[in-house]
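One-letter residues, chain by chain:
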Amino acid sequence: GEIIRAIVSRTHGELVGSEAFEERVFTYCKRYDRLIEDRIVAQGLFPGVRAMLEDVKKRYALYVNSGTPHDALKQLLERLKIDHVFLASYGIEASRTENARVVKRENMERLIHQAGVHPTQVVVVGDGIEDLDCATASGCSFVAIRSERNAWDGQTEFPVINSAAELPFVLN
């Protein structure tokens, strides 16, 4: 939202500080969220992910902790038809402006508390350095998924998998 806020400030500087400015920022944020969501839904899940989630769900409690705004995350999970797999999803609240890393760590602490588990019982799975930071700061284990964003070359402190479909083999 902060990037959109900066753009609207430059293009509609006369509105800064007004209710019309906030409405315009909100509208553009919603449009951007929908555009991203539509592209993700059109791409769909990677092969094997749905079956893997259903399999892992039988043995583990699954949660989502994302840097995506909470409402957009919830809607995305519903549109991908995987919302039923997760006990809860945690995203960034629209009113929060902190760095996504900070919010993800706070969400992880909340998740651990609400689930009533010890951090050593939690495995964070992700493809970004912020996921690793979240796991490390919370005292959780970490499994990295190799992606275009991060190849995780040379990492030996934690398992690195090539696709989410490999996750059940790492968890066993």
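Residues numbered from 1 in each chain as written. Predicted model: local features only at pLDDT ≥ 70, side-chain atom pairs only at ≥ 80, totals over all residues. Heavy atoms only, no water.

Draft legend 1. Up close: the side chain of lysine 104. Take lysine 104: it is sitting in helix α5 (residues 100-115). Within the local environment of lysine 104, its side chain forms a polar contact with the side chain of aspartate 131, the two groups lying 2.5 Å apart. Residue contacts for lysine 104: discarding those within four places in its chain leaves Asn65, Ser66, Gly67, Glu130, Asp131 and Cys134. (Helix = DSSP H or I, 4+ residues; strand = E, 2+ residues; numbered from the N terminus. Polar contact = N/O pair within 3.5 Å; in protein donor to acceptor, adjacent residues only side chain to side chain. Contact = heavy atoms within 4.5 Å.)

Draft legend 2. Looking closely at the pattern of salt bridges. Applying the stated rule across the entire model yields eight salt bridges. Two residues, glutamate 37 and arginine 79, come together in a salt bridge whose shortest N-O distance is 2.7 Å. With glutamate 37 in helix α2 (residues 19-43) and arginine 79 in helix α4 (residues 70-79), this pair connects stretches of sequence that are 42 residues apart. By relative accessible area, which is 4% here, glutamate 37 ends up buried. Arginine 79 sits in the partly exposed class, given a relative accessible area of 29%. Here the salt bridges share partners, and the residues they tie into one network are Arg34, Glu37, Asp38 and Arg79. (Salt bridge = Lys/Arg side-chain N within 4 Å of Asp/Glu carboxyl O. Buried < 20%, exposed > 50% of the residue type's maximum accessible area, 1.4 Å probe, protein only.)

Draft legend 3. Representation of a nonpolar patch on the surface within the structure. On the surface, Tyr32, Leu35, Ile36 and Ile40 cluster together into a nonpolar patch covering about 340 Å² of accessible area. Position of isoleucine 36 among the secondary structure elements: in helix α2. (Patch = residues over 30% accessible without salt bridge, like charges linked within 9 Å, V, L, I, M, F, W, Y side chains within 5 Å. Areas by Shrake-Rupley, 256 points an atom, 1.4 Å probe, with all protein chains shown as cover.)

Draft legend 4. Structural view of the environment of glutamate 148. When you line up the elements, glutamate 148 lands in the loop between β4 (141-145) and β5 (160-161). For the pair glutamate 148 and aspartate 127, spaced 21 residues apart in sequence, the C-alpha to C-alpha distance is 9.0 Å.

Draft legend 5. Geometry of the environment of glutamate 23. Checked against the element boundaries, glutamate 23 lands in helix α2. By relative accessible area, which is 44% here, glutamate 23 ends up partly exposed. Linking glutamate 23 and glycine 44, residues 21 residues apart in sequence, is a C-alpha distance of 31 Å.

Draft legend 6. Quick peek at the side chain of serine 138. Secondary-structure assignment places serine 138 in helix α6 (residues 129-138). Within polar-contact distance, the side chain of serine 138 engages the backbone oxygen of cysteine 134 at 2.9 Å. Beyond its immediate stretch of four places on either side in the chain, serine 138 contacts Arg105, Met108, Ile112 and Pro119.

Draft legend 7. Quick peek at the sheet that holds β5. Overall, parallel pairing links the three strands, which are arranged β3-β4-β5 in an open sheet. Edge positions in the sheet fall to β3 (123-126) and β5, since each of these pairs with one other strand and no more. One ladder, built from four bridges, connects β3 with β4; its direction is parallel. Its bridge partner lying in β4, glycine 126 is registered against alanine 144. Across the face of the sheet, α6 comes into contact with β3 and β4 while running at roughly 170 degrees to β4. (Pairing = 2+ DSSP bridges. Axes fitted to C-alpha atoms, helices over the stretch in contact; angles between N-to-C directions.)

As far as function goes, none of this settles anything; it's purely spatial.
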